[in-house]
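Close look at the chain arrangement
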Amino acid sequence: TVVSCTSVSPAEHDVVLSDTVLFPEGGGQPDDRGTIAGRAVQSVRRPGHAGDVVHRVTGTPLAAGESVDIQVDWPRRWDHMQQHSAQHLISAVASRDHAMPTVAWSLGKDCSYIDFGLGVFAALAELEQTVNDAIMNNHTVVPHLVDETSPLFQKAHGRGLPDALSSPFRVVEIAGVDANLCCGTHVSGLAHLQAVKLLFSETVKGTTRIHFVAGQRVLRVLGDLFDRERTVIRTLTVPAEDIPAEVARVKKAERGAAKTCKDMLKEIAELTAQQAKASGSKTVCLHRPDGDLDFASAVATTLGDGILALITCGDDQGIFLVSGPEEAVARVGPQVATILNGKGGGRKGRYQGKATNMAARVEAQSVVQAAL
């Protein structure tokens, strides 16, 4: 039943219901999605820890007292249940077997991570195997509502309770493995997790961060990786086991080719500058679409500081460099930057920058040619 409906815009409304099956964001778990009376739910939140659950919906407003049907986006909910229960299991095994306390966790769109209060961890494979053994044993996962006197509450893990929260408290128990204070949604047995894959670990601000996927995400990640591998195999025309060596060979060849191109471009720049210098002109304007700042610098160096030069590189956008007599460069450089709709700076006979209007380079060349 609709308790209230407050419009926040003509097409968006905050709805409070007498009860709801949609989970509000909390405990590291994102909120649910779905529909209320056919209207799409954009967010579900509970301001404070004991307030009403507020559903942000789109469409026409709802009337107070109206009875409504709620539809849960089940694939999203199920995915969150698998990831959240997997986090409880990983954290429990890490704490029990490796003395690694959980300090934070995040349920991401594609993969999730847990931060442990330990700087270095080298037993990732062992942790993963123990977690998946527990899944094979299909321990039950049961939520309990208890008060402070309950033995289950006393042994439950948690990172503290909000001051405003009072009993009953919700404890999620993995039979024989873990008991944890938690408000989130969970599977009813570990077999529903299917499998957990610990992807990799890294050190973040003195903690060990372990990235993981569980359930359907494992299948999705495996499928995506296999598709990418097949694409690489077709591109490189090598078997899967030779991919790392072939990628290394291609990268080495690429670096060699890039160095050769850079050296050749420098030779072209020096030759171009020598030809321009031989003309006897006091100003030189050069443009090379495939050039770069190294090319421009090589030209400027070969020309020296006795010739006022404008070197531009790129098509619609690119770089420019003004070189030559220090006084003339200081005067002309900012003018060129303005004409080319760019920004630049420099000193001692060099003024360079990026340009976003290379089509105006003829006008900029005219300014340089008229400067001496």
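The structure presented is a predicted model; accordingly, all values stated were derived computationally and were not measured.

**Observations concerning the overall build of the protein**
- When helices and strands are counted, the protein shows eight helices and 18 strands.
- Against the 2.2 N^0.38 benchmark of 21 Å for 372 residues, the protein shows a C-alpha radius of gyration of 32 Å, more extended than a compact globule.
- Projected onto its principal axes, the C-alpha positions of the protein cover 95 × 55 × 40 Å.
- Residues counted as buried form 40% of the 372 residues belonging to the protein.
- As displayed, the protein offers around 19800 Å² of accessible surface, 53% of which is attributable to carbon and sulfur atoms.
- Taking the average location of the 37 positive side-chain charges in the protein and that of its 42 negative ones, the two points are 8 Å from each other.

**Some details on helix H2 (residues 124-137)**
- Here H2 spans 20 Å end to end across 14 residues, near enough to the 20 Å set by a 1.5 Å rise per residue.
- All of the buried residues along H2 are Leu 124, Leu 127, Glu 128, Val 131, Asn 132, Ala 134 and Ile 135. Viewed along the axis of H2, the buried residues span an arc of 150 degrees, placing them on a single side of the element. Opposite its buried face, H2 presents the exposed residues Ala 125, Met 136 and Asn 137, each directed more than 90 degrees away.
- Asn 138, located one to two residues past H2, shows a positive phi value of around 55 degrees.

**Some thoughts on the pattern of salt bridges**
- One pass over the structure, following the stated rule, counts 15 salt bridges.
- Asp 79 is the salt-bridge partner of Arg 217, the closest N and O atoms lying 2.7 Å from each other. Remark: Asp 79 occurs in helix H1 (residues 74-98) and Arg 217 occurs in helix H4 (residues 216-236); sequence separation between them is 138 residues.
- For Arg 217, a relative accessible area of 1% puts it in the buried group.
- Looking at Asp 79, the relative accessible area reads 15%, which means it is buried.
- The salt bridge involving Asp 115 is made with Arg 209; its shortest N-O contact spans 2.7 Å. Taken together, the residues span a long stretch of sequence, with Asp 115 in strand S8 (residues 112-116) and Arg 209 in strand S13 (residues 207-214) at a distance of 94 residues. There is no split in this pair, since Asp 115 and Arg 209 are both buried.
- Because the salt bridges share partners, they merge into one network encompassing Asp 14, Arg 45 and Arg 56.

**Digging into the packing of H4 against helix H5 (residues 243-278)**
- The geometry of H4 relative to H5 is characterised by a closest axis approach of 11 Å and an angle of 55 degrees between their N-to-C directions. Relative to H5, the element H4 lies oblique. The two elements H4 and H5 cross, and the hand of that crossing is left-handed. The residues of H5 that touch H4, namely those facing Glu 229, Val 232, Ile 233 and Leu 236, are Ile 243, Glu 246, Val 247 and Val 250.
- Taken together, the residues of the contact of H4 with H5 break down into six nonpolar, no polar and two charged.

Cut-offs and rules
Residues numbered from 1 in each chain as written. Predicted model: local features only at pLDDT ≥ 70, side-chain atom pairs only at ≥ 80, totals over all residues. Heavy atoms only, no water. Helix = DSSP H or I, 4+ residues; strand = E, 2+ residues; numbered from the N terminus. Rg over C-alpha atoms; globule rule 2.2 N^0.38 Å. Buried < 20%, exposed > 50% of the residue type's maximum accessible area, 1.4 Å probe, protein only. Areas by Shrake-Rupley, 256 points an atom, 1.4 Å probe, with all protein chains shown as cover. Lys, Arg positive; Asp, Glu negative; His and termini not counted. Charge placed at Lys NZ, Arg CZ, Asp CG, Glu CD. Expected span 1.5 Å × (residues − 1). Arc of directions from axis to C-beta. Salt bridge = Lys/Arg side-chain N within 4 Å of Asp/Glu carboxyl O. Axes fitted to C-alpha atoms, helices over the stretch in contact; angles between N-to-C directions. Parallel < 35°, antiparallel > 145°, perpendicular 65-115°, else oblique. Left-handed = near helix turned anticlockwise from the far one by under 90°. Contact = heavy atoms within 4.5 Å. Nonpolar A, V, L, I, M, F, W, Y, C, P; charged D, E, K, R; others polar.

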